[in-house]
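# Remarks on the overall topology
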Amino acid sequence: MSDISGQVLSVSAKKGTKREYETILILRPSSNKTNILDLIHKMQAVFDKFGARIIKIENWGNRTLAYSIKRSATGIYLYWRYIGGSDIVHEFERNLRITDAVLRFYTVKVDEDVDATARPSEITEDLLQTISEPPPEPEPEPEPVRDEPHSVFSNDDEEGLEEGVP
Amino acid sequence: MSDDKPNRSSSRRSSSLLANDKTLVIDYKNPQLLKAFLTDRGKVVPARISGVSARQQRQITKAVKRARMLALIPYTVQ
């Protein structure tokens, strides 16, 4: 592994235990089913090469972003959960960075020292078909925040002014 | 000074949403929950006002920053 990527193996990989990670990707809203399937299959090969395992992938559908990313106002959210060493995170993120369809990604470590055999993978080919087909319409996005009746926490500018004055 | 703002601290401090539901986990993937701890300008509400514990406040700020990164909640609201 290390000779392919130039990566040093993670400490957890040396110890023989794995970590559990989750990554959220935001894809361009123009991505269609074949794009997403291609991406998943490509990444599956990467995971296999590094001895990591995808536990699950969820499609949260095309959501409105709170602010536009790369001039895109909406994005398709994909939630990945997988087990592996830190080397897989590095390689996975490197692959995401060179994928045009990915607007943004964010990885969080969920758990350490997990027993990789105890967590079965839910990924099947049928499931991938449904995942790559985004849900038609998620939940209606909440209307602009300003219109919400914010009961107690209102007018924070006033609050800030108060704090600033000695 | 106190004449200008009578009863401010007592009226602002609200019983925590989190205190009512012990099973509630502060998670960056749950923007609906996090919005309860933001002002209408998108700032994080101080713990002395929202009434959450110091530990919960740390979890909230961390989750808010992660959720902002993923465009689930805004950095600023104009």
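Procedures and definitions
- Residues numbered from 1 in each chain as written.
- Chains lettered and ligands numbered in written order.
- Predicted model: local features only at pLDDT ≥ 70, side-chain atom pairs only at ≥ 80, totals over all residues.
- Heavy atoms only, no water.
- Helix = DSSP H or I, 4+ residues; strand = E, 2+ residues; numbered from the N terminus.
- Buried < 20%, exposed > 50% of the residue type's maximum accessible area, 1.4 Å probe, protein only.
- Contact = heavy atoms within 4.5 Å.
- Polar contact = N/O pair within 3.5 Å; in protein donor to acceptor, adjacent residues only side chain to side chain.
- Axes fitted to C-alpha atoms, helices over the stretch in contact; angles between N-to-C directions.
- Parallel < 35°, antiparallel > 145°, perpendicular 65-115°, else oblique.
- Left-handed = near helix turned anticlockwise from the far one by under 90°.
- pLDDT = per-residue confidence, 0-100.
- Phe/Tyr/Trp six-rings, centres within 6.5 Å; stacked < 30°, edge-to-face > 60°.
- Lys NZ or Arg CZ within 6 Å of the ring centre and 35° of its normal.
- Pairing = 2+ DSSP bridges.

## A short note on the environment of Tyr-79 of chain A
Topologically, Tyr-79 of chain A is positioned in strand β3 (residues 72-84). Owing to a relative accessible area of 3%, Tyr-79 of chain A belongs among the buried residues under this scheme. With 54 residues separating them along the chain, Tyr-79 of chain A and Glu-133 of chain A place their C-alpha atoms 14 Å apart. For Tyr-79 of chain A, the contacting residues outside a window of four places in its chain are Glu-22, Thr-23, Ile-24, Lys-56, Ile-57, Glu-58 and Trp-60 of chain A together with Lys-29 of chain B. A distance of 2.4 Å separates polar atoms of two side chains, one belonging to Tyr-79 of chain A and the other to Glu-22 of chain A.

## Quick look at the packing of helix α3 (residues 33-49) of chain A against helix α4 (residues 86-97) of chain A
All names here are of chain A. At a minimum axis distance of 10 Å, the contact between α3 and α4 shows a crossing angle of 155 degrees. One finds that α3 runs roughly antiparallel with respect to α4. Pair α3 / α4 crosses with right-handed handedness. Listed contacts from α4 to Lys-42, Met-43, Val-46 and Phe-47 of α3 are Ile-88, Glu-91, Phe-92, Asn-95 and Leu-96.

## Here's the deal with the confidence of the model for chain A
Residue and element names in this part refer to chain A. Residue-level pLDDT values for chain A average 77, and 70% of them are 70 or greater. Across chain A, the secondary-structure element scoring lowest on mean pLDDT is helix α6 (residues 156-164), at 45, and the one scoring highest is β3, at 93. Across residues 138-151 the pLDDT falls below 50, and counting only partners more than four positions away or on other chains, this stretch makes 16 contacts in the model. Here residues 154-166 is modelled with pLDDT under 50, and outside its nearest four sequence neighbours on either side it reaches 15 contacts, counting other chains as well.

## Observations concerning the packing of aromatic side chains
In total, this model carries ten aromatic pairs over all chains according to the counting rule given. Both rings, one in Tyr-106 of chain A and one in Tyr-28 of chain B, keep their centres 6.4 Å apart while their planes meet at 75 degrees; by these two values the pair is edge-to-face. One end of the pair, Tyr-106 of chain A, is in strand β4 (residues 102-114); the other, Tyr-28 of chain B, is in the loop between α2 (17-20) and α3 (31-35), on a second chain. Assessed through its relative accessible area of 22%, Tyr-106 of chain A is described here as partly exposed. A relative accessible area of 4% places Tyr-28 of chain B in the buried class. Through successive ring pairs, a cluster of aromatic residues spans Tyr-21, Phe-47, Trp-80, Tyr-82 and Phe-92 of chain A. One cation-aromatic arrangement involves Arg-63 of chain A over Tyr-77 of chain A; the distance from NZ or CZ to the ring centre is 5.6 Å.

## A closer look at the sheet that holds strand β1 (residues 18-27) of chain A
Think of a sheet as strands paired side by side through backbone hydrogen bonds, with each pair either parallel or antiparallel. Residues and elements named next belong to chain A. Strand order across the open sheet formed by four strands is β2-β3-β1-β4, with antiparallel pairing between neighbours. Looking at strand neighbours, the two that pair on one side only are β2 (53-69) and β4, the edges of this open sheet. Sheet twist, expressed as the mean angle between neighbouring strand axes with direction ignored, is 20 degrees. In the sheet, β2 pairs with β3 via eleven bridges, with the strands oriented antiparallel. Across the sheet, Asn-62 pairs through a bridge with Ile-76, a residue of β3. Running at roughly 10 degrees to β1, α4 makes contact with β1, β3 and β4 of the sheet.

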